[in-house]
Amino acid sequence: LTENELVAGEVRIEQPDMPLWRQIHPRHLGETGPDFVAFNPTSADDHCLSIARGSAVDAEEAHRRHVARGRLSAGTWSVTVAEVEQQDLRAVDDSRLDGRPEEHGYIDYRLLSTRAPRKMAAIALARAATARGRRYPPAAA
Amino acid sequence: VVEQRQSEPEPDFARLRFFGGRFEDHRLYIEVLPEFATLYAVLVEVAKVVFKRRHPDRVRVPKGFETGFGLYLGQPEPGASVVAPLRRSMPVGSSRQLGLLEAQDELEEARDLTFAYLAGGPDGDVEGFPMAAASTVVRFGQTLGPEEGIDLTRPGGRQLMERRGERQEHVELVGRVSEVDNADRRFELTLAESDLRLRASYASDEDFEVLHGAQRPDVSRGPLIRVEGIAQVDARGRPVRLLATENVVEVGTRAWAEQRLDELEADEDGWFDGAGKAATAPALTAARALVERLEEAAMPYPRFSPTTEGAVEALWEHETRVLNLEIQPDGRTYLLAFDLQTREIFHDREDEALEMSVVAETWRALVGPA
């Protein structure tokens, strides 16, 4: 895919330091941080990994909105746009599309054509998120 | 426990007043009845310990001790809240009941110790209260909502404690063991995430073995321990007090890996927010076969994780080297080995079934000889 193949209304996120919030399902939370599976979209997801954009909401609000939709989350973790691009992926703002929450975006794994590099990217992003630690709720009481 | 008796009520053994929330309409709802069963279970457990302390020459408690206290629930009294008197039918006549007469004092002491412990909270030290009962007593009050409470009084009208509903959750905590007290059956866990120290009682001798084995002079060098249990949590869901432990396991051990697979096996379709296929039988069978053979292959146990497609992922990490075995829903495997920093891929292959020798050889090539 190329930049032109984003659908109308989708915009590539350019700010390298922008946090991309990812909610981690309790089943995908390991002893030290998120499992890489939580960063590895499937073909059912069309290889697009949902995130909430740090420009739209903070980590707490991202968590609140996620669980308000009836979904489970062990908390909010994050990667940055720069970390995504280091894996030859891109972050996309698709919030203007019909039915998308205003904070929605995705990490586009379609740029990687085979299973090996996709998994390598997911493992790298899970490591980056783990190193940064849970963003909400903060660890210290 | 719940029984209606004669018209002349016997003296109260204790009075439980349920107040706030649902109890404002004067009804004792069925869902709070477990509170009585919990309280009774604790009283019996504590009374047995008290009996043995008073009778060091007796190996066992009297026959019928556990069921013969004759404790029953009197007629709830009307009022602004719900008052439920607990009464005792006094044993008379039979030799069996004569044996129980001596247990009545133990029951009263058990009541006083339990109420005092509840009043002080799980961290309160109440002399004489057996810590073995702590994991049961913390369940008292679990049916209460945040605006509800129970206060307990004994004859004479002296209020002994008030138990308000707390937000309690089933939690999985990860940390290192900073203290184990075998005499008191307690331990302290320093959370890996926050360095918060939580004290709790452990439930079994098996738990003690795990905790004791994981204790190090330098806490930070100890292995990670995963503790499942009930915790009091703050408004953000963070644990502030560990109330009861249900399972203790050292991370990275075979028991840890097998428990993880047990969890995945217990999942049902829809486990992922209504979507997500449960791990399939072929995938789980292959994962268990892998665990079976890892020690022989001199390999560590991996972290297992479910996918929403019914596969099981196994991941080993050694610095920048990564080995990933994807066990697909039909039991076929995909093995990937690479260096995260250089992005060099050493192995990238799909097989019809688990090839343990290939997994082991790839691992050795990845990290060097064991």
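Everything below is about the structure shown above.
(A) Looking closely at the overall build of chain B. For chain B, the helix and strand inventory stands at eight helices and 15 strands. The buried share of chain B, reckoned over its 370 residues, is 51%.

(B) Local environment of the interface of chain A and chain B. With 34 residues of chain A in contact, the opposing surface of chain B contributes 41 residues. Linking chain A with chain B are twelve salt bridges. In this structure, Arg 260 of chain B and Asp 35 of chain A form a salt bridge, with 3.5 Å as the shortest nitrogen-oxygen distance. Run the count over chain A and chain B and you get 22 residue pairs in polar contact (both at pLDDT 80 or more). Counting only elements with at least two residues in the side of chain A that touches chain B, the list comes to helix H1 (59-68) and helix H3 (115-132) of chain A.

(C) Expanded view of unusual backbone geometry. Cis peptide bonds are those with omega within 30 degrees of zero, and the linkage from Tyr 136 of chain A to Pro 137 of chain A qualifies with -10°. Counting through the fold element by element, Pro 137 of chain A comes out in the segment after H3. Backbone geometry at His 26 of chain B places phi at a positive 70°, although glycine is not the residue there. Structurally, His 26 of chain B is set in the loop between strand E1 (12-19) and helix H1 (34-54). Backbone geometry at Arg 185 of chain B places phi at a positive 55°, although glycine is not the residue there. Residue placement: Arg 185 of chain B occurs in the loop between strand E6 (168-181) and strand E7 (186-191).

Calculation criteria
Residues numbered from 1 in each chain as written. Chains lettered and ligands numbered in written order. Predicted model: local features only at pLDDT ≥ 70, side-chain atom pairs only at ≥ 80, totals over all residues. Heavy atoms only, no water. Helix = DSSP H or I, 4+ residues; strand = E, 2+ residues; numbered from the N terminus. Buried < 20%, exposed > 50% of the residue type's maximum accessible area, 1.4 Å probe, protein only. Contact = heavy atoms within 4.5 Å. Salt bridge = Lys/Arg side-chain N within 4 Å of Asp/Glu carboxyl O. Polar contact = N/O pair within 3.5 Å; in protein donor to acceptor, adjacent residues only side chain to side chain.

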